[in-house]
Amino acid sequence: MADRLRGLLKGAIGPSDNDSRYLLDVHSRELPGEDTMRQYAPGEEVDLVIVGAGAGGSVLAQRLARHGWNIVILEAGPFWHPDEDWVSDEAGSHELYWTQNRIIGGADPIELGKNNSGRGVGGSMVHYAGYTPRFHPSDFSTLTDDGVGADWPINYEDLRPHYEQVEAELPVAGQNWPWGHPHRYPFSPHPISGAAARLWEGAHKLGIEMRVGPVGIVNGTFGNRPHCIYRGYCLQGCKVNAKASPYVTHLPDALAHAVEIRANCMAARVEVDQATGRATGVVYHDEVGGAEILQRARFVAIAGYSIETPRLLLNSISSRFPHGLCNDEDQVGRYIMVQGASQTTGRFPDELRMYKAPPPEVSSEQFYETDLSRGFARGFSIQTVSPLPIGWAEHVLADGHWGRAMREYMRDYNHWATIGVLNELLPQPENRITIAEPIDPYGIPIARMDYSLCENDKSNIAHSTEVITDILHAADAQDVLTIYRYAHLVGGARMGSSPQASVVDANQRSWAVPNLFVADGSVCPTQGSANPALTIMALASRLAARMASGAAMDDDPLARAGTGTRQAATPQHARSRSS
Amino acid sequence: MPDFRDHAHLPNLRPDREPPHPSWLPRQEVGISPQMVGRYPDFDVLSAADTWDEATKSVVMARLKDPAPLRFFTPDQEPTLRAFCDTVMAQDVEPRVPVAEFVDDKLAAGRLDGYQYADMPDDRDTWRLVLHGLDHTARTRYGAAGFAEADPENRETIVDDLAHAHLDGGPWEELNIARAWSVCMRAILAGFYSHPWAWNEIGFGGPAYPRGFMRLGPLSTTEPFERHGSTSEDPVDAVHQGLGHG
């Protein structure tokens, strides 16, 4: 009976305390409120200045604005006008990405730009594919349970109510979810494409369970947001308003509650009172070559994501913090992570036209946790994807083809279906953001990102790529092409139980500066093999609740150290480690 | 007669890993495809252009304009650039997708990709060094005046060595060659496969807003304006020659 009622109500119940879906215009994709938003006078001290209008910063702003906080968000990129700025075209979407220069090094340098870095109001979620899985309970104690990675100072139950709230806000569509902590989704699963069906069939033959979703894409209507039209350009910015990003899920409500977004404003450093050690605001430029402007604030939250957040901290040098803000213990920028994201693509006799429907369709978390018989710790997830022609050409290139062979494979594009993995790569101290010598057009030194895989990472990538290749063969694919690549970013300013091993505490408050918070994915100590967007939003939602109640300012050492590690050390967990 | 359900044309499955000569393919019947070959001879993605939103239409249609003179590369570099782009995309006759112009425009405008390998120069310098290196190898190995003057087979051999990082001497000593190949190919592939002529060749449905797609499968994946892969043989001839499926 309860299940039947839930089925009837599926897609009918919206979140409370967030009116974004009604504030949007049915006929225009503008973010309502850009022209009418509150504008704070220069020099006025606001309650909170946030750096970055992405997944973390936007949710934090929306929540605290509802509590009456006066908030300014500084965003390095533009204020989008999707009707004019976004196009149904791969090459034409260059401006969505963070394409300012960064140096990449290490044994396995990570390609950035369109692969994983967003710029502009709405952040990277403007061009994410749309997968919104939760982390598993096991993600929060991998050091205790699996002997690798790190333990979080919080646990799954701390985030669970925020997962549920954010899933209602996006809203997430998908089948009932059997993995991790089993849960339902507020919207029904989308229909799947012929290409995804072929892959699912292959997985089924191998006994691999897959489920439709979870995606932050409207199935039905949601306030003034329409149904998805299955045009396939999720990675180029959703012109339909069907795919969730803060641009449509949180910023309309934030602007209606006196938040000001200052677009095209590049933060240069966090200003700190050298006598009290407290942050007094953020210094930024509102144009290239422009003077420095100080936005004063009672609290500062940095939400620039895993490269720009450490870069801003490391560039905030003062006599009190000669090695960069919050970096007395040399923790800022360390433990940055990406996920292995190999993809294989298989050829089928029928035309499948994988460019139709959203790239994210069907996924599996069956291999998410440690299985020592595989020979490595932690695991991976499997997700169908569907690259557009330029993306698929890079795939063909990676398999070693150019010239006539490239053209031949590309002419065959409509016959192929693509499946990928997300590997949980482990946090390592030498995978880190540092400051490089070159400066950007504002005169601010740019970031350098070093990345090297460890043996566990390599084993995980190799094994998981075999599994998806097996899926294609089981589906009777006629030919298979493989590309090894990476996706997503988290870490770089991680949360932890001590200032010696982390940048922020269990409340995402920096150990070194009492009124400075980090509100993005850089706080994650581990990453699981789930796409990070939903977790970044849930963390910001939790942070907002604790900032509003005052709990986040708790100076009690035990409160700052958090509860995650203590709970992870129960006998039950100890048993599973030895099994 | 080609059967597209079959996979015999795929390079990985052929003994020499080389595709059959493009002469097995139909000539493009409607619209334009690069070299007028393709798998969808009666599909022209531009036939649906009136359903595209204005922003997308202006971005895509701009690629069909007559190419402007190069701004980034010098007249000295131009022949090498064109020969390189033609060789890696197998564009041996007109009509060609103007890949060289796409690369030139990207570099002239500074629309770089947002990262630079620590052991590599700026992408713009990488391009200059690669063109210089191609000329160097063509001269030292084949005695040609430059890469553009080398025989097509020799140009392909040099590019194959570039793809496998098997080049050395001269400008190549200043580059991580595998990464240089990746830098160049990213730009070239984006230039080629962003062009509507290439979409005709591969049967890609193209932009779909505000119209959207309704046929996702499993029973049909073809919208009314899309066409299935087909050949251009006269069906009467094909039957007479016993090439049909019966």
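Cut-offs used in this document
Each chain has its residues counted from 1, following the order in which its sequence is written. Chain labels run from A onward and ligand labels from 1 onward, assigned in the order the entries are written. Local features in this predicted model are restricted to residues of pLDDT 70 or higher, and side-chain atom pairs are both shown and tallied only at a pLDDT of 80 or more, whereas totals for entire chains, interfaces and linings draw on every residue. Water and hydrogen atoms were dropped before computing side-chain values, which therefore reflect all heavy atoms in the structure. Starting at the N terminus, helices and strands are each numbered in turn, a helix being any DSSP run of H or I of at least four residues and a strand any DSSP run of E of at least two. Here the globule rule is a power law, 2.2 Å times the number of residues to the power 0.38, and the radius of gyration is based on C-alpha atoms. Under the scheme applied here, a residue whose accessible area is under 20% of the maximum for its type counts as buried, over 50% as exposed, and between as partly exposed, the area being computed with a 1.4 Å probe on protein chains only. Any two residues whose heavy atoms approach within 4.5 Å at even a single point are treated as in contact. Charged-residue counts in this description rest on Lys and Arg as positive and Asp and Glu as negative, His and the chain ends being excluded. To locate a charge, the coordinates of NZ of Lys, CZ of Arg, CG of Asp or CD of Glu are taken. Note on terms: buried area is the combined drop in 1.4 Å-probe accessible area of two parts once they are placed together, counting the loss on both. Every case where a carboxyl oxygen of Asp or Glu lies within 4 Å of a side-chain nitrogen of Lys or Arg is listed as a salt bridge. The criterion is simple. A nonpolar core is a set of buried Ala, Val, Leu, Ile, Met, Phe, Trp, Tyr and Cys residues joined through side-chain atoms within 4.5 Å. Per the annotation, domain bounds derive from an automatic or database assignment of domains. Pairing between two strands requires that DSSP report at least two bridges joining them. Any residue outside Ala, Val, Leu, Ile, Met, Phe, Trp, Tyr, Cys, Pro, Asp, Glu, Lys and Arg is labelled polar, Gly included; the first ten of those are nonpolar and the last four are charged. Aromatic rings from Phe, Tyr and Trp, with only the six-membered ring used for Trp, were paired whenever their centres fell within 6.5 Å, and each pair was classed as stacked if the ring planes differed by under 30 degrees, edge-to-face if by over 60, and tilted otherwise. For a Lys NZ or an Arg CZ to count as sitting over a ring, it must be within 6 Å of the ring centre and within 35 degrees of the ring normal. Buried and open spaces are told apart on a 1 Å grid over the protein atoms alone, a cavity being a set of points where a 1.4 Å probe fits but cannot get out and a pocket being an open set with protein on both sides within 12 Å along at least five of seven lines. Residues with an atom within 4 Å of a point are the lining residues. Grid points are joined across faces, edges and corners, and a volume is the space filled by probe spheres set on the points.

For the rest of this paragraph, the subject is the overall build of chain A. When helices and strands are tallied, chain A shows 17 helices and 18 strands. In summary, chain A has a C-alpha radius of gyration of 23 Å against a globular reference of 25 Å for 579 residues, a match within 12%. Referenced to the eigenvectors of the C-alpha coordinate spread, the extents of chain A come out at roughly 70 × 60 × 60 Å. Counting the 579 residues in chain A, one finds 66% classified as buried. Partitioning the contacts of chain A with sequence separation of at least 6, the portion at a separation of at least 24 is 75%. Each charge class in chain A was averaged separately, 49 positive and 67 negative side chains, and the resulting centres sit 3 Å apart.

Here we take up the interface of chain B and chain A. With 82 residues of chain B at the contact, the number on the chain A side is 71 residues. Overall, the association of chain B and chain A removes approximately 5900 Å² of surface from exposure, summing both partners, and the carbon and sulfur fraction of that is 56%. Along the contact surface separating chain B from chain A lie 11 salt bridges. Note that A:Asp350 is salt-bridged to B:Arg5, the shortest N-O span being 2.3 Å.

On to helix H3 (residues 99–108) of chain B, then. Residue and element names in this part refer to chain B. Most of H3 sits inside the fold, with seven of its 10 residues counted as buried. Three or more residues of H3 are buried, namely Val 99, Ala 100, Glu 101, Val 103, Asp 104, Lys 106 and Leu 107. Packing partners of the buried residues in H3 comprise helix H2 (78–88), helix H4 (123–142) and helix H6 (177–192). Just downstream of H3 lies Gly 110, where phi reads positive at about 70 degrees.

With that out of the way, let us pick up the nonpolar core. Ranked by internal contacts, the top residues of the largest apolar core, which has 232 residues, are A:Leu60, B:Phe84, B:Trp127 and B:Tyr193. Here this core spans two domains, since at least three of its residues come from each of domain 1 (11–65 + 206–240) and domain 2 (78–192) of chain B. Sequence-distant contacts of A:Leu60, that is, excluding residues within four places in its chain, are made with A:Leu48, A:Ile50, A:Ala301, A:Ala519, A:Ala540, A:Leu543, A:Ala544 and A:Met547. Residues A:Ala76, A:Trp98, A:Met266 and A:Tyr442 belong to the second largest nonpolar core, which totals seven residues.

So, on to the sheet that holds strand S3 (residues 103–105) of chain A. Judged by pairing direction, the sheet is mixed, and its four strands sit side by side in the order S14(A)-S15(A)-S3(A)-S1(B) without closing on themselves. Here the strands that pair on one side only, and so sit at the sheet edges, are strand S14 (432–439) of chain A together with strand S1 (116–117) of chain B. Relative to strand S15 (residues 445–450) of chain A, S14(A) is paired through five bridges, and the arrangement is antiparallel. Looking at S15(A), one finds that A:Ile435 is bridged to A:Ala447.

Our next topic: the domain arrangement of chain B. Residue and element names in this part refer to chain B. If you check the domain split of chain B, you get domain 1 (11–65 + 206–240) and domain 2 (78–192). Using only C-alpha atoms to locate each centre, domain 1 and domain 2 end up separated by 28 Å. Between domain 1 and domain 2, the residue contacts involve five residues of the former and nine residues of the latter. Surface buried jointly by domain 1 and domain 2 totals about 450 Å² across both partners, of which 64% is contributed by carbon and sulfur atoms. Taken as a group, Pro 34, Gln 35 and Arg 63 account for 84% of the area that domain 1 buries against domain 2, more than any other trio of residues on that side. There are zero salt bridges connecting domain 1 and domain 2. Looking at the side of domain 1 that touches domain 2 residue by residue, the class counts come to three nonpolar, two polar and no charged.

Okay, the pattern of salt bridges next. Following the criterion strictly, the structure yields 58 salt bridges over all chains and no others. We note a salt bridge from A:Asp19 to A:Arg66, for which the minimum N-O separation is 3.4 Å. Highlighted residues: A:Asp19 in the loop between helix H1 (2–9) and helix H2 (20–23) and A:Arg66 in helix H3 (residues 55–66), separated in sequence by 47 residues. Ionic pairing is found between A:Asp555 and A:Arg509, a salt bridge with its closest N-O pair at 2.6 Å. Of this pair, A:Asp555 sits in the loop between helix H14 (533–549) and helix H15 (557–561) while A:Arg509 sits in the loop between strand S17 (486–490) and strand S18 (516–518); the two residues are 46 residues apart in sequence, bridging distant segments of the chain. For A:Arg509, a relative accessible area of 1% corresponds to the buried category. Connected through shared salt-bridge partners, A:Glu351, A:Arg353, A:Lys356, B:Arg215, B:Glu223 and B:Glu226 make up one network.

On a regular strand, each side chain points to the face opposite its neighbour's, so the side chains alternate between the two faces of the sheet. Residue and element names in this part refer to chain A. Counting buried positions along strand S12 (residues 380–385) gives six out of six residues, so the element sits mostly inside the fold. Residues of S12 alternate between two faces, with Phe 380, Ile 382 and Thr 384 on one and Ser 381, Gln 383 and Val 385 on the opposite face, all of them buried. Relative to S12, strand S11 (residues 362–364) runs antiparallel, the two sharing two bridges. Looking at S12, one finds that Ser 364 is bridged to Ile 382. Of the strand pairs in this sheet, S12 and strand S13 (residues 416–423) are connected by six bridges, and their pairing is antiparallel. What sits directly across from Phe 380, in S13, is Asn 423.

Within the structure shown, the criterion is met by 28 aromatic pairs over all chains. With a centroid separation of 4.6 Å and an interplanar angle of 55 degrees, the aromatic rings of A:Phe140 and A:Trp152 are classed as tilted. Here A:Trp152 lies in the loop between helix H5 (142–146) and helix H6 (156–169) and A:Phe140 lies in the loop between S3 and H5, a separation of 12 residues in the sequence. Joined through ring pairs, the aromatic side chains of A:Tyr355, A:Trp392, A:Tyr409, A:Tyr413, A:Trp416, B:Trp199, B:Phe204 and B:Phe213 make up one cluster. The ring of B:Phe213 carries A:Lys356 above its face, with NZ or CZ at 5.0 Å from the centroid.

Turning our attention to empty space enclosed by the protein. All names here are of chain A. By the definition in use, this model includes eight cavities of 30 Å³ or more. Of the volumes computed, that of the largest cavity is approximately 90 Å³. Forming the walls of the largest cavity are 13 residues, and the residues nearest its centre are Cys 228, Arg 231, Gly 232, Cys 234 and Cys 238. Here the lining of the largest cavity is built from residues that sort into 10 nonpolar, one polar and two charged. Approximately 70 Å³ is the volume found for the second largest cavity. Considering the residues around the second largest cavity, the lining is formed by 14 residues, among which Ser 193, Ala 196, Glu 361, Val 385 and Ser 386 are closest to the centre. Among the secondary structure elements, those contributing two or more residues to the lining of the second largest cavity are helix H7 (194–205) and S12. With three residues, the single largest contributor to the lining of the second largest cavity is H7.

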